[in-house]
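# A closer look at the structure
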Amino acid sequence: MNAATWAVLILGLVAAGAAIQAGNDLTVAVPAAAAAVGLVALVGVLEVRSRSSSAASGRRAIEIEPEARGAETDSLLQLRRSFRAGRMGRSSILATLRALERDMSPTGRTPLTLPEERAVLELPPDQFRRWVEERVRRIEGAT
């Protein structure tokens, strides 16, 4: 909690204390209690806002710069990112290859069956790269 939050919390506690001290004098107790509740609620709002803004700034630090985001639509950059992601990026690589085959290959090469795709996804990294390289060669040869 920052200093302003502590100050508001202390004011809330003082107001609560005044409400308690007022006892049966409702002209003092009710407004003091209302002030205490309002100030404690304000502390909650300030804390939530403070924590959410610090979390958001942490997320912003991780995000890609706006200039790079525009360039990210380039399929080569997406492929590079997919290769760097390791096994997690393999499905994206297969989808890109499928799209290339569909759009560029006059042979109309059929897509992988589900069992074939699973087998490719489970290949060791070096074999997976060779499989992708061979697939790209076929696409290039067909165009």
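The coordinates are above.
Figured I'd write up the structure that's included with this text. Since this is a predicted model, take the numbers as computed values, not measurements.

The full count for this structure, using the stated rule, is one cavity of 30 Å³ or more. Its volume calculated, the largest cavity comes out at about 40 Å³. Looking at the largest cavity, the residues that line it are Leu94, Leu97, Arg98, Glu101, Leu112, Trp131 and Arg135. For the lining of the largest cavity, the elements supplying multiple residues, two or more each, are α5 (90-104) and α7 (125-142). Looking at the lining of the largest cavity element by element, the count peaks at four residues for α5. Looking at the lining of the largest cavity residue by residue, the classes come out as four nonpolar, no polar and three charged.

Evaluated as defined, the whole model comprises two aromatic pairs. Here the aromatic rings of Phe128 and Trp131 are separated by 6.4 Å at their centres, their planes lie at 20 degrees, and the arrangement is stacked. Here Trp131 and Phe128 lie together in helix α7, a separation of three residues that amounts to about one turn. Summarising the burial analysis for this pair, Phe128 and Trp131 share the class buried. Here the guanidinium or amino end of Arg90 rests over the ring plane of Phe128, the centre of that ring lying 4.3 Å away.

Attention now moves to the nonpolar core. The nonpolar side chains of a soluble globular protein tend to be buried, and buried together. Membership of the largest hydrophobic core is limited to eleven residues, which are Leu79, Ile93, Leu94, Leu97, Leu112, Val120, Leu121, Phe128, Trp131, Val132 and Ile139. Going through the elements one at a time, α5, α6 (114-121) and α7 are the ones with two or more residues in this core. Ranked by residues supplied to this core, first place goes to α7 with four residues. Other than its neighbours up to four places away in sequence, Leu97 contacts Trp131, Val132, Arg135, Val136 and Ile139.

Evaluation of the coordinates by the stated rule reveals five salt bridges. Its salt-bridge partner being Arg137, residue Glu133 comes within 2.5 Å of it at the nearest N-O pair. One end of the pair is Glu133 and the other is Arg137, both in helix α7 and four residues apart, which spans about a single turn. For Glu133, a relative accessible area of 40% puts it in the partly exposed group. Residue Arg137 is classed as partly exposed on the basis of its relative accessible area, which comes to 47%. Glu134 is paired through a salt bridge with Arg137; the nearest N and O atoms lie 3.7 Å apart. Of this pair, Glu134 and Arg137 are both found in helix α7, three residues apart, which corresponds to roughly one turn of the helix. In the salt-bridge network here, residues are joined through shared partners; they are Glu133, Glu134, Arg137 and Arg138.

Definitions and cut-offs
- Residues numbered from 1 in each chain as written.
- Predicted model: local features only at pLDDT ≥ 70, side-chain atom pairs only at ≥ 80, totals over all residues.
- Heavy atoms only, no water.
- 1 Å grid on protein atoms, 1.4 Å probe; cavity = no way out; pocket = protein on both sides within 12 Å on 5 of 7 lines; lining within 4 Å.
- Points joined across faces, edges and corners; volume = space filled by probe spheres on them.
- Helix = DSSP H or I, 4+ residues; strand = E, 2+ residues; numbered from the N terminus.
- Nonpolar A, V, L, I, M, F, W, Y, C, P; charged D, E, K, R; others polar.
- Phe/Tyr/Trp six-rings, centres within 6.5 Å; stacked < 30°, edge-to-face > 60°.
- Buried < 20%, exposed > 50% of the residue type's maximum accessible area, 1.4 Å probe, protein only.
- Lys NZ or Arg CZ within 6 Å of the ring centre and 35° of its normal.
- Core = buried A, V, L, I, M, F, W, Y, C linked by side-chain atoms within 4.5 Å.
- Contact = heavy atoms within 4.5 Å.
- Salt bridge = Lys/Arg side-chain N within 4 Å of Asp/Glu carboxyl O.

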